[in-house]
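# Structure assessment
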Amino acid sequence: MRVYLSRWICRDVESNLKRLREESSAACRSGADFVMFPESFLHGYTRRLDASRARDVFTALSAAHPDVVFAFGSMTEDGRNRMTVWRRGAQIAFYDKVHLFEPNGEFDIWSPGESYAAVRTEHGVLGLMNCNDLRFPEQARTMKLKAGVTMLAVPAWWPWRRDHVWRTLLRARAIENHAWVMGCCVAASEFEGEYFSGAGNYVFDPHGDPVPTSDDHTYVLDLANAAPPIVDPVEKYRCVDRVEVFDPD
């Protein structure tokens, strides 16, 4: 499975839409099976974009490249921070960010989602997460136990100064769930009043080993030859809800 992760620089909406078309086409020509863009990549926190216009572009791009799965993560729609997944000109899944990031004022922009989401693809079951969701391991765990996810796609708007946290959490989710984890973060925002330096892109295999890239965009996932888990996170899982609290006083 060939994965293409955008290193996205968020500018004005018109420039972003133009680049989206160009970069998507280039990624597909390079042989990508899965193409992902980062969180809020078309409008950031301060620009405005009609969701129907974004959908028209998503529809056209996925129709033009019917063998490719696209994860456009994310746009603002229905008051939510919404990640969408497309194939053959149609949306095949969506996910509304559950764990909004309060320090960025996200609760003033969006309402939190109310469910987790996964989608079946020919390469495996893809679980959808978004940026701050990574801080909540129960989200990935729930998708592993209830949906059998084999991959996690995580778009983000995560700062470079906390790249070590982003990288560590991606790797942890891979190890805990014996899943491929793909993290695609906005590289930068270059827009008046919203200048930002983003963290890196990373892909980890189910043992937490980094998948290398030769061009900072493309990663090859050897799905057929992944080593078996040392401890199976599903077969060996025990559901324990009770917590014994000892208070010697």
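Quick note: structure is the one above.
Criteria and cut-off values
Residue indices begin from 1 for each chain and proceed along its sequence in written order. Side-chain atom pairs in this predicted model are given and counted only at pLDDT of 80 or more, local residue features only at pLDDT of at least 70, and totals for whole chains, interfaces and linings cover all residues. Side-chain numbers here rest on the full set of heavy atoms in the structure, without hydrogens or water. Paired strands are those between which DSSP finds at least two bridges. A run of H or I in DSSP counts as a helix once it spans at least four residues, and a run of E counts as a strand once it spans at least two, with each numbered from the N terminus. In this text, buried Ala, Val, Leu, Ile, Met, Phe, Trp, Tyr and Cys residues form a nonpolar core when linked through side-chain atoms within 4.5 Å. A 1.4 Å probe rolled over the protein chains alone gives each residue an accessible area, and that area as a share of the maximum for its type sets the label: buried under 20%, exposed over 50%, partly exposed in between. Throughout, a contact is declared for two residues whenever any of their heavy atoms are within 4.5 Å. Ring geometry is summarised as follows: Phe, Tyr and Trp rings, the Trp one being its six-membered ring, pair when their centres sit within 6.5 Å, and such pairs are stacked at plane angles under 30 degrees, edge-to-face over 60 and tilted between the two. Two limits define a charge over a ring: the Lys NZ or Arg CZ must be within 6 Å of the ring centre, and within 35 degrees of the ring normal. Axes here refer to lines fitted to C-alpha atoms; in helices the fit is confined to the stretch in contact. Angles between the N-to-C directions go from 0 to 180 degrees.

## Quick look at the pairing of strand β1 (residues 2-5)
- When β1 meets strand β14 (residues 218-220), the two strands line up antiparallel, connected through three bridges. Bridge pairing in β14 links V3 to Y219.
- Alignment of β1 against strand β3 (residues 34-37), held across three bridges, turns out to be parallel. The residue of β3 that forms the bridge with L5 is M36.

## Details of the nonpolar core
- Of all hydrophobic cores here, the largest spans 50 residues; its most connected members are L20, L42, F58, F72 and W166.
- In this structure, L42 is in contact with W8, C10, V13, N16, L17, L20, L49, A54 and F58, ignoring residues within four places of it in sequence.
- Counting 25 residues, the second largest nonpolar core, distinct from the first, contains A71, V85, W180 and V203.

## Describing the packing of aromatic side chains
- Evaluated as defined, the whole model comprises twelve aromatic pairs.
- Taking 5.5 Å as the distance between ring centres and 40° as the angle between the ring planes, the aromatic pair formed by W158 and W166 counts as tilted.
- Residue classification places W158 among the buried residues on the basis of a relative accessible area of 3%.
- Aromatic rings pair up to connect W8, F37, F41, F58, F70, F72 and W86 into one cluster.
- Here the basic side chain of R47 rests over the ring of F191, its NZ or CZ set 4.2 Å away from the ring centre.

## Some words on the sheet that holds β3
- Strand order across the open sheet formed by six strands is β6-β5-β4-β3-β1-β14, with mixed pairing between neighbours. Strands at the two margins of the open sheet, each flanked by one partner only, are β6 (90-96) and β14. The sheet shows a mean angle of 25° between the axes of neighbouring strands, taken without regard to direction.
- Strands β1, β3 and β4 (69-77) of the sheet are contacted by helix α1 (residues 13-29), whose axis makes an angle of about 155° with β3.
- In the packing of helix α2 (residues 51-64) onto the sheet, contacts are made with β4, β5 (80-87) and β6, and the angle to β4 comes to roughly 175°.

## Some words on the sheet that holds strand β13 (residues 202-204)
- Across the sheet, which stays open at both edges, the five strands sit in the order β7-β8-β9-β10-β13 with mixed pairing between neighbours. Among the strands making up the open sheet, the edge pair consists of β7 (117-121) and β13. Ignoring strand direction, the axes of neighbouring strands in this sheet form an average angle of 20°.
- When strand β8 (residues 124-128) meets strand β9 (residues 151-156), the two strands line up parallel, connected through three bridges. What sits directly across from L126, in β9, is M151.
- Seen against the sheet, helix α3 (residues 137-147) touches β7, β8 and β9 and runs at an angle of roughly 150° to β8.
- Sitting on the sheet, helix α4 (residues 163-177) touches β9, β10 (180-185) and β13, and the angle it makes with β13 is about 25°.

Geometry only, nothing functional implied.
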